[in-house]
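Descriptive analysis of the structure
What follows is each chain in one-letter form.
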Amino acid sequence: MNLLIFVSLGYVMVLFIVAFAAERAAQAGRGKWLRSPMIYTLSLSIYCTAWTFYGAVGFAVRSGLEFVTIYLGPSLVMFGWWWTLRKLVRIGRTQRITSIADLISARFGKSNLLAVGLTLLAVAGTTPYIALQLQSVTQSYAVFARASQGGTGEINQTVTALWIAVGLAFFTILFGTRKLDVNERHDGVVMAIAVEAVVKLVALLAVGVFVVWGISGGIAPMLEKIDASEIGAWEVSGGRWAGLTFLSAAAFICLPRMFHVMVVESDDERHLRTASWAFPAYLMLMSLFVLPIAVTGLDLLPKGSNPDMFVLTVPLSQGQNGLAMLSFLGGFSSATSMVIVATIALSTMVSNHIVMPIWLSITGGGVSVSGDVRYVVLLARRLSIGAIVMLAYFYFQLSGGGSALAAMGLVSFVGVAQALPVMIGGIFWRGATRIGALCGLGIGFAIWTYALFLPSLGNGLVLSDTLLSNGPWGLAWLAPQALFGIKGLDPILHCLFWSMLFNSAAFVLVSLCTFPAPMERLQGAQFVNVFQQAQPRRGWSRGAAQSEDLMIMSQRILGARDAQALFEKEARRQGVQGILPDPSPEFLDVLERKLSGSVGAATAHAMIGQIAGGASVSVDDLLAVADETAQIMEYSSKLEAQSFELTRTAEQLRHVNEKLTQLSVQKDGFISQISHELRTPMTSIRAFSEILRDSDDMAATDKARYAGIIHSETLRLTRLLDDLLDLAVLEAGRVSLNLSQKSLSEVIESAVSSAGITSDTDLVVTQKGSGRDIVLTTDVDRLSQVFINVISNARKYCTADIPTLLIKAFEENGRVTVDFIDNGSGIAADMRSVIFEKFSRVGETQAGGAGLGLAICREIMHRLDGEISYLPGQGGGAFRVRFPAELEKIQQDV
Amino acid sequence: MSKHVLLVEDEPNIIEAVSFLLSRDGWSVSTHSNGHDAADVIRAKQPDVLVLDVMLPGRSGFDILEDIRSEGVCRDVPVLMLTARGQTKDRERAERLGATRFMTKPFSNAEIIETLHELSGS
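Residues numbered from 1 in each chain as written. Chains lettered and ligands numbered in written order. Predicted model: local features only at pLDDT ≥ 70, side-chain atom pairs only at ≥ 80, totals over all residues. Heavy atoms only, no water.

1. What to know about the overall build of chain A
Note the cut-off: To qualify as a helix, a DSSP run of H or I must reach at least 4 residues; to qualify as a strand, a run of E must reach at least 2; elements of each kind are numbered from the N terminus. Per-residue accessibility, obtained with a 1.4 Å probe over protein chains only, is compared with the maximum for each type, and a residue is labelled buried under 20%, exposed over 50%, and partly exposed between these values. We call two residues in contact whenever any of their non-hydrogen atoms come within 4.5 Å of each other. All accessible areas in this document rest on Shrake-Rupley with a 1.4 Å probe, and a residue is counted as covered only by the protein chains that are shown.
Secondary structure assignment for chain A yields 32 helices and 7 strands. Of all 894 residues assigned to chain A, the portion counted as buried reaches 50%. The contacts of chain A with a sequence gap of at least 6 include a subset with a gap of at least 24, amounting to 78%. Element-wise, carbon and sulfur atoms account for 59% of the exposed surface of chain A, whose accessible area totals about 41000 Å².

Have a look at this one:
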């Protein structure tokens, strides 16, 4: 027991020394060998965690050969997808990418929202995995403790786990946060991991060799044993194999720790070529003895023994304490290397994307980059590491350390795999947009949380049993592990299928429907076409600055007077003769600030860089310029839209003004007309009434005649006023219609007699047409008024020898047409358009009307949803009246 | 010898009233009721005084006035213009075209007789 602690601590000490020596060597520039392809390959082995080291055997016992998928996925990626990995590495190097969250946020226009989302996804997906490592170490420790104390003592797992957590956090902080720039790489950590990779491989191989040759007595007997055991007869399900292989492949690329060692810590993308065969070989060796150990464990150990611990318990049961110790160290190595790299990767994300943005916004944005910021970043990283390890510890406690934790490996895989569509889309498809990425990740993460993560916490903890089996609100198709009614599938595959489907679909569809911002567009081009570009990252350095050139440029931007004043002031401050100051860094700073007030910070920086730096402007500068330009363009297009709006409003105003002017002219004309129509009869009335008043000696016949004229002129005035009022009411639309039923022939008959037509009048009225039996539902009185008007006109104006009026009526599709055709001379073509206007008269004869009759008719027909028009080509005067046979009730209220 | 007055007016009742009044006052009255050929009729009849309505069928009183003032024998005949519209701009237009007097309908009988006496200088 004490020996175990002693060995563990000693092992950790060795790792410390290795890491420290490596760091020293790297600092002294003797670290070339530290960056060999083999070290790179070994560092990739953090893929094999304690879960793989111990759990693969357990996996084999439970599900047979399926454990191979965990190795198959990464091997396929290394073999077949090395060009994708190479692209990732190249992008990571050119863009100085610090994490997978950084990669995706940079690709989509440096979106902070995406970075925060991915960071949370990574933390949520990795925490259970770290907890799993804690559990493995704690369990293996407990197994040892039990064995050494004869199976009687139970050690306190909680305390053990806590100590392990604290130790891991300490180690990580010590080596992971010595330097600020993540890209400067952690030589010490990588070296320690490489050593651990060797230790775990050697340990597993040693146990395997012991099992095959020490216990079973060689390869042949071993194979026989395997064939005889139930593991060998396990059925292989194709769907599960494909799903799990895909899952482990996706996780291999997306796991934050894998991304860290593969991309961030990468020194040379050519190392990938070695790793593409060496890493699969490593994995093959790791999996070589899994089956023998599993079979032997089942054979030797009592029923109910934990198969996850066979790697440890098989040697122990044979009294091979030394071998068991090596095995323990192998598991310990697997766990620690994973935890260290994972927490470094996560803490980088948390501090870069969550802590620092908050700190900068609180303190007002670090204008002066001093040592303070450096200190804050390091502190943030250290605190993040502690917090993440503690989070994992609490998770370990919460889940009770049960066997459920073993399944957590795959649960985590599905979580981090959600980043795959966005990542692959981001580096291969320029059309991918930020909104699309957000939607895809959001949906994928939501489905993972709901369908896999929450249920995995155990029944009843967050989601109730009823909800799990029956779905929320009794909606069975929403049950977390049977979405859309797909039942009976393994929860892992079920969630993988739905989350990846919706994730990818949302990402692609939304990307297609949205447009990338300029920054996104440029970043997208840089990512997708990374191989077509030369290495662009260079800042500008001062030196050959030409004060004169700066002056010319400044004059253009600031105006001659301001620019000269600024230069003179700076020259005086520097104590230089003349108006041109030396291009000192201070002066360039002042100038840049001044210019940025006019042209924007990025443009100013780029312009000064162009002159003072003698050449190269960094891509970031250019991107910022492009972004500013885009903003200006957006602004000017807004201005354009506003000016268009103004033009349109002005046009509308002009239109309304014209209409008002026209109305005013019409009104003047109307008043003038009314004045004329009123004054004319009044003139006669006044003249004759004065004559009557002043003449005593007038003949009685004359008196009677003059009184008659006065009388008829009074009637004419009254009629005029009636018509005017009628028209005013009709035009204002205030008329209320009085609907009633009457047959058309009745309406015509009564109109004819109201117009004063009798058998002895000089106008002969004849009727024909099929429509006269129709029963109308309309305002019969108003309709009659129109008819009377038209008939009276015929009577007044028809100049034929024997004036005749033909009234034809017919109906079609519910609309009635009544034509009034006389045999007179008709209305001249040029007058036909004006006869319906107010005060228009035809011909020179006075017929006692004021010219309002047809105007009133037109208004009435309009109210009755019909029309009245002149009907040309009938040989005489002809009017056509059309209207619906049944006026709808609604019309009443119009 | 009685003075000759020509009345150009289209409203029959007004023609009758004015004719009656002026005849009784001793004028020799002739009438004409459309605008088309009014200028020719005026030149042919050469009245001592002309009474001219504005709103006439065919041609307006203003056009007729402009016509007779521009050429022919009646360039200087006194003209009393009558109008039922009674707007200021009509009055101004009449004065500009050379109307001697301008009256708005309805007028008083005494007023029209007095004005005609004034215009004919009797």
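There is more to say, and it comes next.
2. Focus: the side chain of B:Arg43
All names here are of chain B. Counted only if it meets this: Pairing of N or O atoms within 3.5 Å defines a polar contact, subject to two protein rules: one partner must be a possible hydrogen donor and the other a possible acceptor, and residues neighboring in sequence count only if both atoms are side-chain atoms.
Examined against the element boundaries, Arg43 turns out to sit in helix 2 (residues 38-45). Residue Arg43 is classed as buried on the basis of its relative accessible area of 19%. Only 2.8 Å separates the side chain of Arg43 from the side chain of Asp67, close enough to count as a polar contact.

3. Regarding the pairing of strand 4 (residues 79-83) of chain B
Every regular strand shows the same layout, with side chains that alternate between the two sheet faces. Residue and element names in this part refer to chain B. To keep things clear, this is the line we draw: Pairs of strands are assigned from DSSP output, requiring at least two bridges between the strands. Throughout, right-handed denotes a crossover for which the path from the first strand over the helix to the second runs clockwise when the strands point away from the viewer.
In terms of burial, strand 4 is largely enclosed, as 5 of its 5 residues are buried. By the alternation rule, side chains of strand 4 split into Val79, Met81 and Thr83 and Leu80 and Leu82, which are all buried. In the sheet, strand 3 (residues 49-53) pairs with strand 4 via 4 bridges, with the strands oriented parallel. For Val51, the partnering residue across the bridge sits in strand 4 and is Leu80. For the crossover from strand 3 across helix 3 (residues 61-70) to strand 4, the handedness is right-handed. As paired strands, strand 4 and strand 5 (residues 101-104) are joined by 4 bridges and run parallel to one another. Bridge pairing links Leu82 to Met103 in strand 5.

4. Description of the pattern of salt bridges
Filter applied, for reference: Any carboxyl oxygen of Asp or Glu that lies within 4 Å of a side-chain nitrogen of Lys or Arg is treated as forming a salt bridge with it.
In this structure the tally under the stated criterion is 19 salt bridges over all chains. A cluster of three or more residues bridged by salt bridges with shared partners is formed by B:Asp40, B:Arg43, B:Arg59 and B:Asp67.

5. Focus: the interface of chain B and chain A
Quick note on the threshold: Take the accessible area each of two parts loses on contact, using a 1.4 Å probe, and add the two losses: that sum is the buried area. Residues are sorted three ways: Asp, Glu, Lys and Arg are charged, Ala, Val, Leu, Ile, Met, Phe, Trp, Tyr, Cys and Pro are nonpolar, and all the rest, Gly among them, are polar.
At the interface, 23 residues of chain B touch 23 residues of chain A. In total, chain B and chain A occlude about 2200 Å² of area from one another, counting both sides; carbon and sulfur atoms represent 54% of this. Applying the counting rule to chain B against chain A returns 2 salt bridges. Taking the shortest distance from any N to any O, the salt bridge between A:Arg716 and B:Glu11 comes out at 2.7 Å. Linking chain B to chain A there are 11 residue pairs in polar contact (both at pLDDT 80 or more). Only helix 1 (12-24) and helix 5 (109-120) of chain B provide two or more residues apiece to the side of chain B that touches chain A. Per element, the largest residue contribution to the side of chain B that touches chain A is 7 residues, and it comes from helix 1 of chain B. Residues that form the side of chain B that touches chain A fall into these classes: 10 nonpolar, 7 polar and 6 charged.

6. Observations regarding the packing of helix 20 (residues 434-456) of chain A against helix 22 (residues 491-513) of chain A
All names here are of chain A. Just so we agree on the cut-off: Interaxial angle, 0 to 180 degrees, is taken between N-to-C directions of lines fitted to C-alpha atoms, where a helix line uses only the stretch in contact. Here is the rule for angles: anything less than 35 degrees is roughly parallel, anything more than 145 is roughly antiparallel, 65 through 115 is roughly perpendicular, and the remaining ranges are oblique. Rotating anticlockwise by less than a right angle from the far helix to the near helix defines a left-handed crossing, while the corresponding clockwise rotation defines a right-handed one.
Contact pair helix 20 / helix 22: the axes reach a minimum separation of 7 Å and the direction vectors enclose 165°. Of the possible angle classes, the one that applies to helix 20 and helix 22 is roughly antiparallel. When the axes of helix 20 and helix 22 are compared, the crossing they make is right-handed. In this structure, helix 20 uses Ile435, Gly436, Ala437, Cys439, Gly440, Leu441, Ile443, Gly444, Ile447, Trp448, Ala451 and Leu452 to contact helix 22, whose residues at the interface are Pro491, Ile492, Cys495, Trp498, Ser499, Phe502, Asn503, Ala506, Phe507, Val510 and Ser511. Here the contact of helix 20 with helix 22 is composed, by residue class, of 17 nonpolar, 6 polar and no charged.

7. Brief notes about the environment of A:Val116
Residue and element names in this part refer to chain A. Secondary-structure assignment places Val116 in helix 7 (residues 112-148). C-alpha separation for the pair Val116 and Asn352, spaced 236 residues apart in sequence, amounts to 9.4 Å. Sequence-distant contacts of Val116, that is, excluding residues within four places in its chain, are made with His353 and Ile354.

8. Comments concerning the packing of aromatic side chains
Residue and element names in this part refer to chain A. The line we're drawing: Side-chain rings of Phe, Tyr and Trp, where Trp is taken by its six-membered ring, are said to pair if the distance between their centres is within 6.5 Å; with planes under 30 degrees apart they count as stacked, over 60 as edge-to-face, and otherwise as tilted. To sit over a ring, a charge needs its Lys NZ or Arg CZ within 6 Å of the ring centre and within 35 degrees of the ring normal.
Summed over all chains, the structure comprises 18 aromatic pairs over all chains. Ring centres 5.9 Å apart and planes at 15° place the aromatic pair Tyr129 and Phe413 in the stacked group. Residue Tyr129 is found in helix 7, and its partner Phe413 is found in helix 18 (residues 408-417); the two are separated by 284 residues along the sequence. Note on Tyr129: relative accessible area 1%, which makes it buried. Judged by relative accessible area, which is 0%, Phe413 ranks as buried. For the cation-ring pair, Arg257 lies above Tyr129, with the distance from its terminal atom to the ring centre recorded as 4.9 Å.

9. Things to note about the sheet that holds strand 4 (residues 804-812) of chain A
Backbone-to-backbone hydrogen bonds pair the strands of a sheet. The strands run either parallel or antiparallel. Residues and elements named next belong to chain A. Taken together, 5 strands build an open sheet; the order of strands is 2-4-5-7-6 and the sheet is mixed. Two strands close off the open sheet at either side, each with one partner strand: strand 2 (764-768) and strand 6 (867-870). Sheet twist, expressed as the average angle between the axes of neighbouring strands with direction ignored, equals 15°. Two strands pair when backbone bridges link them, and strand 4 and strand 5 (residues 815-822) are joined in this way by 8 bridges, in the antiparallel orientation. Of the residues in strand 5, the one forming a bridge with Phe810 is Thr817. Packed on one face of the sheet, helix 32 (residues 853-863) meets strand 6 and strand 7 (878-884) and runs near 140° to strand 6.

10. Considering the sheet that holds strand 5 of chain B
All names here are of chain B. The strand order across the open sheet built from 5 strands is 2-1-3-4-5, with neighbouring strands paired in parallel fashion. Each end of this open sheet is capped by a strand with a single partner; those strands are strand 2 (28-32) and strand 5. Geometrically, the sheet is characterised by an average inter-axis angle of 20° between neighbouring strands, direction not taken into account. Strands in contact with helix 3 are strand 3 and strand 4; relative to strand 4, the strand with the most contacts, it is inclined by about 165°. Against the sheet, helix 4 (residues 88-97) engages strand 4 and strand 5, with an angle of about 155° to strand 5.

11. Describing the UniProt feature "modified residue: 4-aspartylphosphate" (unreviewed entry) in chain B
Residues and elements named next belong to chain B. The cut-off we apply is this: UniProt positions are given in the numbering used here, feature names are shortened, and annotations may be inferred rather than shown by experiment.
UniProt's entry tags Asp53 with the feature "modified residue: 4-aspartylphosphate" (unreviewed entry), counted in the numbering of this structure. Position of Asp53 relative to the elements: it lies in strand 3. With near-sequence residues (within four places) excluded, Asp53 lies in contact with Val8, Glu9, Asp10, Gly61, Met81, Leu82, Thr83 and Lys105.

12. A short note on unusual backbone geometry
Among all residues except glycine, the phi angle is most often negative; among peptide bonds, the trans geometry is most common. Cis geometry marks the peptide bond from B:Lys105 to B:Pro106; its omega dihedral reads -5°. Structurally, B:Pro106 is set in the loop between strand 5 and helix 5. Residues other than glycine seldom take positive phi values, yet A:Asn813 does so here, at roughly 50°. Of note, A:Asn813 is situated in the loop between strand 4 and strand 5. Residue class for A:Asn813 comes out exposed when judged on its relative accessible area of 77%. With phi around 40°, B:Gln46 is a residue other than glycine that occupies positive phi space. Along the chain, B:Gln46 falls in the loop between helix 2 and strand 3. You can call B:Gln46 partly exposed: its relative accessible area is 48%.

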